[in-house]
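Topology and contacts: notes
Listed here are the chains, written in short residue letters.
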Amino acid sequence: MFDMHCHLHEPVFDADRELVIARAVENGITGFVTNAGSINDLSAVQELAASDDRIIPCFGIHPWFTTNLPKNWLEIVQNFLSKTPSGVGEIGLDLWRKNIGPLEEQTTVFREQLAIARELNRPAMIHCLKAYDQILEIFRSDGGPQAGFLLHAYSGPWTMIEPLVKMGAYFSFSHATLAPDRRKAHKTISSIPDERFLIESDSPDLVGPEPFRPFSVRMESGRFRQEPANIAAALTGFADFRGITPEQLRKQIETNTQIFLQTVL
């Protein structure tokens, strides 16, 4: 299986990144879709992918970092995308977090990056919080990438799944949705079509509840660090919600991954 959304380039992994990857491989995770977020992340993601062919790089500007971009930011992103098979991400819209760029600014940056994904036939990795109506409207008006797009850590309503699927959406879920009090998320997990369901860690964030985090370590800040090896433990939880065995879900995810990433593998 692949970890369909993570950030293994982040400094929190600098001391033990090779061990983190090795642990994941030992637990059946064979690929890592690693996303940039800011203009300053692009080189780190590129270097990591160049050092390990199990890393699938994604280059893009996250909605938290759309303010104060250089004038040639789009050219910079496109240059990274042109150098290697890669996805466009992490991109999107966020109406939940405070003190970030206004929606109009986020929308402009998002639409321009979607245009690159369409032009280059690359999958797009999308962050969306409290902005699913806006995301869906953009896809209806602009069109999505022919290669499809992944709504990572999907938190939208289950009623929006069908229209998003028609636009080309895949959906990935992190361990955090396995918490007992996330009942709406559990319904959503069970509602995703088999051929569009994927799993992510979002490492180093979105740590799940015990017993789904056997490899998480507590950092100096007091927070637990997520890592891809935990996906193996979470597989059982996701399979239970979907009413199938972990092995059936693993095989389905493997098939879905190969289809979704076919233009970059």
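Before any of the text, the structure's been laid out above.
Residues numbered from 1 in each chain as written. Predicted model: local features only at pLDDT ≥ 70, side-chain atom pairs only at ≥ 80, totals over all residues. Heavy atoms only, no water.

Okay, the overall build of the protein next. Scanning the protein for helices and strands turns up nine helices and 10 strands. Relative to a compact globule of 265 residues, whose C-alpha radius of gyration would be 18 Å, the protein shows 17 Å and is just as compact. A buried classification covers 52% of the 265 residues belonging to the protein. Considering only intrachain contacts with a sequence separation of at least 6, the fraction spanning at least 24 residues in the protein is 70%. (Helix = DSSP H or I, 4+ residues; strand = E, 2+ residues; numbered from the N terminus. Rg over C-alpha atoms; globule rule 2.2 N^0.38 Å. Buried < 20%, exposed > 50% of the residue type's maximum accessible area, 1.4 Å probe, protein only. Contact = heavy atoms within 4.5 Å.)

Enumeration over the complete set of coordinates arrives at nine aromatic pairs. Between Y154 and F173, the ring centres sit 6.4 Å apart and the planes meet at 85 degrees, which makes this aromatic pair edge-to-face. With a gap of 19 residues between them, Y154 in the loop between β6 (149-151) and α6 (161-167) and F173 in strand β7 (residues 169-173) connect regions that are remote in the sequence. According to the relative accessible area criterion, Y154 is buried, its value standing at 3%. Residue classification places F173 among the buried positions, given a relative accessible area of 1%. (Phe/Tyr/Trp six-rings, centres within 6.5 Å; stacked < 30°, edge-to-face > 60°.)

What follows covers helix α8 (residues 231-242). With 12 residues, α8 ought to run about 16 Å at 1.5 Å a step, and its terminal C-alpha atoms sit 16 Å apart, in line with that. Here the buried face of α8 lies against β1 (2-6), β7, α7 (183-191), β8 (197-199) and α9 (246-260). Looking one or two residues beyond α8, the residue adopting positive phi is G243, at roughly 70 degrees. (Expected span 1.5 Å × (residues − 1).)

Among the structural elements, R196 can be located in the loop between α7 and β8. The sequence separation of R196 and T255 amounts to 59 residues, and the corresponding C-alpha distance is 9.9 Å. Among all residues touching R196, those that are not within four sequence positions of it are V165, G168, A169, Y170, F171 and N256.

Note that the residue after G89, namely E90, is joined by a cis bond; omega there is 15 degrees. Note the cis peptide between S203 and P204, where omega equals 10 degrees. Unusually for a residue other than glycine, A153 sits at a positive phi of about 50 degrees. With respect to the secondary-structure elements, A153 resides in the loop between β6 and α6.

Buried residues of helix α1 (residues 17-26): R17, V20, I21 and A24, and no others. For α1, the arc enclosing every buried residue in end-on projection is 95 degrees, short of the 170-degree limit, so these residues lie on one face. Among the exposed residues of α1, those pointing more than 90 degrees away from its buried face are E18, L19 and E26. For α1, the elements touching its buried residues are β2 (31-35), α2 (42-51), β3 (55-59) and β10 (224-225). Taken from the residues just after α1, G28 is the one with a positive phi, measuring 90 degrees. (Arc of directions from axis to C-beta.)

Attention now moves to the packing of α2 against helix α3 (residues 73-83). It is at 11 Å that the axes of α2 and α3 come closest, and there the two elements cross at 5 degrees. Relative to α3, the element α2 lies roughly parallel. Contacts from L42, S43 and Q46 of α2 reach α3 at I76, V77, F80 and K83. Residue composition of the contact of α2 with α3, by class: four nonpolar, two polar and one charged. (Axes fitted to C-alpha atoms, helices over the stretch in contact; angles between N-to-C directions. Parallel < 35°, antiparallel > 145°, perpendicular 65-115°, else oblique. Nonpolar A, V, L, I, M, F, W, Y, C, P; charged D, E, K, R; others polar.)

The full count for this structure, using the stated rule, is 11 salt bridges. A salt bridge links R54 to D52, with the nearest nitrogen and oxygen atoms 3.0 Å apart. On the basis of relative accessible area, R54 is assigned to the partly exposed category, the value being 32%. For D52, a relative accessible area of 12% translates into the label buried. R111 is the salt-bridge partner of D142, the closest N and O atoms lying 2.7 Å from each other. With D142 in helix α5 (residues 132-142) and R111 in helix α4 (residues 103-120), this residue pair connects regions lying 31 residues apart in the sequence. (Salt bridge = Lys/Arg side-chain N within 4 Å of Asp/Glu carboxyl O.)

Next up on the list: the pairing of β1. Within β1, five of the five residues are buried, leaving the element largely enclosed by the surrounding structure. One ladder, built from three bridges, connects β1 with β2; its direction is parallel. Bridge pairing links D3 to F32 in β2. In this region the chain leaves β1, passes through α1 and returns to the parallel neighbour β2; the handedness of that crossover is right-handed. (Pairing = 2+ DSSP bridges. Right-handed = clockwise from strand over helix to strand, strands pointing away.)

Before going further, it helps to spend a moment on the packing of α8 against α9. With their axes 8 Å apart at the nearest point, α8 and α9 run at an angle of 95 degrees to one another. Viewed along their axes, α8 and α9 adopt a mutual orientation that is roughly perpendicular. Contacts between α8 and α9 involve L235, T236, F238, A239 and R242 from the first element and P246, L249, R250 and I253 from the second.

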